[in-house]
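Results of the structural survey
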Amino acid sequence: MGSEKAFDLAVPKTRLEFKNVTRRFTEAGAGVQGLSFEISAGEIVCLLGPSGSGKSTILRLAAGLEDPDSGEIIIDGKSVAGNGSLLPPEKRGVGLIFQDFALFPHLSVLENVAFGLRRLPREKREAIARNVLGKVNLSHLADAFPNILSGGEQQRVALARALATRPGVMLMDEPFSDLDTQLRDTVRNELVELLRSSGAATILVTHDPEEAMRVADRIILLRDAKIAQVGTPEELYFHPLDREAAAFFGDLNVIHATVAEEKAATPLGTVAAKTFDPGTVVEVLVRPVDVALSSADTHGTHAARVADRRLVGGSCLVELAAKGEGMPAHMVAQVSLDNAPEVGSEVGIMFDPARAHIFPCRKAH
Ligand code: ADP
Ligand code: MG
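Throughout what follows, the structure given in this document is the object of discussion. Computed from a prediction, not measured in an experiment: that's the story for all the values here. (Residues numbered from 1 in each chain as written. Chains lettered and ligands numbered in written order. Predicted model: local features only at pLDDT ≥ 70, side-chain atom pairs only at ≥ 80, totals over all residues. Heavy atoms only, no water.)

Right, let's talk about the side chain of Glu66 for a bit. Along the chain, Glu66 turns up in the loop between α1 (55-63) and β4 (70-75). A polar contact is formed between the side chain of Glu66 and the side chain of Arg23, at a distance of 3.1 Å. (Helix = DSSP H or I, 4+ residues; strand = E, 2+ residues; numbered from the N terminus. Polar contact = N/O pair within 3.5 Å; in protein donor to acceptor, adjacent residues only side chain to side chain.)

What follows covers the site of ligand 1. Lining the immediate environment of ligand 1, one finds Phe25, Ala30, Gly31, Pro50, Ser51, Gly52, Ser53, Gly54, Lys55, Ser56 and Thr57. Gly54 is positioned with one of its backbone polar atoms (N or O) 3.1 Å from an oxygen atom of ligand 1. A distance of 2.9 Å is found between an oxygen atom of ligand 1 and a side-chain nitrogen or oxygen belonging to Lys55. For ligand 1, whose free accessible area comes to 560 Å², the fraction covered by protein is 58%. Residues belonging to the shell around ligand 1 are distributed by class as follows: three nonpolar, seven polar and one charged. (Near = heavy atom within 4 Å. Areas by Shrake-Rupley, 256 points an atom, 1.4 Å probe, with all protein chains shown as cover. Nonpolar A, V, L, I, M, F, W, Y, C, P; charged D, E, K, R; others polar.)

Turning next to the sheet that holds strand β17 (residues 302-312). Read across the sheet, five strands follow the order β16-β20-β17-β18-β19 without closing on themselves; strand pairing throughout is antiparallel. Since the sheet does not close on itself, it has two edges, and those belong to β16 (291-295) and β19 (330-336), each with one partner. With strand direction ignored, the average angle separating the axes of adjacent strands in the sheet is 45 degrees. The pairing of β17 with strand β20 (residues 346-351) spans four bridges and is classified as antiparallel. Residue Ala303 lies in a different strand from β20, and its bridge partner there is Gly348. (Pairing = 2+ DSSP bridges. Axes fitted to C-alpha atoms, helices over the stretch in contact; angles between N-to-C directions.)

Next up on the list: the packing of aromatic side chains. To describe a pair of aromatic rings, one takes the distance between the centres and the angle between the planes. Using the criterion set out here, one finds three aromatic pairs in the structure. For the pair Phe104 and Phe115, a centre-to-centre distance of 4.5 Å together with 45 degrees between the ring planes defines the contact as tilted. Of this pair, Phe104 sits in the loop between β7 (94-97) and α2 (109-114) while Phe115 sits in the loop between α2 and α3 (122-135), and the two are eleven residues apart along the sequence. Note on Phe115: relative accessible area 31%, which makes it partly exposed. (Phe/Tyr/Trp six-rings, centres within 6.5 Å; stacked < 30°, edge-to-face > 60°. Buried < 20%, exposed > 50% of the residue type's maximum accessible area, 1.4 Å probe, protein only.)

The subject of this paragraph is the packing of helix α4 (residues 151-164) against helix α5 (residues 181-198). Two elements in contact, α4 and α5, have axes whose closest approach is 10 Å; the angle formed by their N-to-C orientations is 15 degrees. It follows from the interaxial angle that α4 and α5 lie roughly parallel. Our pair here, α4 against α5, has a crossing hand that is right-handed. Residue-level contacts link Gly151, Gly152, Gln155, Arg156, Leu159 and Leu163 of α4 to Leu183, Val187, Glu190, Leu191, Leu194, Leu195 and Ser198 of α5. A class-by-class count of the residues in the contact of α4 with α5 yields seven nonpolar, four polar and two charged. (Parallel < 35°, antiparallel > 145°, perpendicular 65-115°, else oblique. Left-handed = near helix turned anticlockwise from the far one by under 90°. Contact = heavy atoms within 4.5 Å.)

A separate point is the sheet that holds strand β13 (residues 263-266). Think of a sheet as strands paired side by side through backbone hydrogen bonds, with each pair either parallel or antiparallel. Taken in spatial order, the five strands line up as β14-β13-β12-β15-β21 in an open sheet, and their pairing is antiparallel. Only two strands of the sheet have a single partner each, and these edge strands are β14 (269-272) and β21 (357-360). Across the sheet, the mean angle from the axis of one strand to that of its neighbour is 35 degrees, orientation sign disregarded. By the bridge criterion, two bridges tie strand β12 (residues 253-260) to β13 in an arrangement that is antiparallel. Following the sheet pairing, Val259 is matched in β13 by Ala264.

Moving on, we get to the pattern of salt bridges. Under the criterion given, the structure shown has 18 salt bridges. A salt bridge links Glu43 to Arg218, with the nearest nitrogen and oxygen atoms 2.6 Å apart. One end of the pair, Glu43, is in the loop between β2 (32-39) and β3 (44-48); the other, Arg218, is in strand β10 (residues 218-223), with 175 residues separating them in the sequence. Overall, Glu43 belongs to the buried group, its relative accessible area being 12%. Notably, a salt bridge pairs Glu211 with Arg188, separated by 2.7 Å at the nearest N-O pair. Separated by 23 residues along the polypeptide, Glu211 in helix α6 (residues 209-215) and Arg188 in helix α5 bring together distant segments of the chain. Arg188 carries the same exposure label as Glu211, and that label is buried. Ionic contacts of the salt-bridge type, sharing partners, join the residues Asp185, Arg188, Glu210, Glu211 and Arg214 into one network. (Salt bridge = Lys/Arg side-chain N within 4 Å of Asp/Glu carboxyl O.)

Once that is clear, we can look at α3. Between its first and last C-alpha, α3 extends 20 Å over 14 residues, near the 20 Å set by a 1.5 Å rise per residue. Here α3 has its buried residues at Ile128, Ala129, Val132 and Leu133. Along the long axis of α3, the arc covered by the buried residues comes to 135 degrees, so they all point the same way. Contacts from the buried residues of α3 go to α2 and α4. Taken from the residues just after α3, Asn137 is the one with a positive phi, measuring 60 degrees. (Expected span 1.5 Å × (residues − 1). Arc of directions from axis to C-beta.)

So, on to the nonpolar core. Judged by nonpolar contacts, the single largest core of 50 residues is most densely connected at Val113, Val132, Leu133, Leu159 and Met170. Element by element, the count of residues in this core is highest for α4, at seven residues. In terms of nonpolar packing, the next biggest core, distinct from the first, is built from 28 residues, Val282, Ala304, Met327 and Ala356 among them. (Core = buried A, V, L, I, M, F, W, Y, C linked by side-chain atoms within 4.5 Å.)

Mapped onto the secondary structure, Asn253 falls in strand β12. Judged by its relative accessible area of 4%, Asn253 is buried. Polar side-chain contacts of Asn253 include one of 2.8 Å to the backbone nitrogen of Val332. The contact partners of Asn253, leaving out residues within four places of it in the chain, are Val284, Leu285, Val286, Arg287, Pro288, Val291, His330, Met331 and Val332.

Set out below in structure tokens:
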């Protein structure tokens, strides 16, 4: 013992569970209400939701920085909050990374990483810290102070500091939002790879649906302090719970229709509507990528005029002024650059009915 043992990033296999957890900040509610979910060892779950929906509160509850009013939080089979128990943060085996990284400015990078290992003898502490720094490719900055580091480097120090204590649960609150777009992709890929090799049960908070789609094994969609929907990125994208959930993953074209004979017929396509009563007014939602354009003289498609087009990423957003009864006045199609029609031209529009989402029409009030 005592000799330098190679430090493996692998953390103890741990499961995190919330059972009907409520934390109220005001009489009216807020905080989180009646949350139940489980995260397995090695799983990365993204909490996605608008500002104020309770994302940070969930992390703070899991970390022990906040106590639930009711319900139970279980880590590795042990009750850490609720049910009469309350384990302090340092005994929970959780690592926490905040948006601003929260590095200690007066400590070197190595000392920052070693911080959580204070109880170990100095030599051992340092050996572990150096090893973890190596894993995040920052050995050369061990003696530097945080203020000279780039955003991406600070991010990796924060991760190394969290990983050094080998937490079974890793909690990250919008850890990439302070990084610029280009750096964000690189840093995120590195971090996700490290997290995967560590096997930690991970919660990553984000308000960016694209980030959640890229990173998550599962997404928990929050709304008004409650869970609105849980599923894989594919499940949430292809089978959204309702219009708000669908809208979280990008713009939608909305076409109104009235159900007849188990179908909702729109000028652009007919969608199966088996679960709706005849006469129900529904919204047919179509994502811009699922709108197909053709030359205007193609038979049987509805016509529209191209009002504008904009290059976004590798594709083109085409704004359409649609004509005809039952058509929304404006529609947006996202097409490849090669298929983007000229502004002012007439085009035919269609959508793939299998890709459309159909929900009861929201009442005006
Ligand atoms: P998010 O991280 O999704 O933006 P939060 O979890 O920070 O949301 O907050 C959820 C709700 O609880 C918000 O309405 C917020 O104002 C409220 N809240 C959070 N922390 C406190 C607190 N310490 N005191 C009072 N209200 C709070
Ligand atoms: Mg927050």
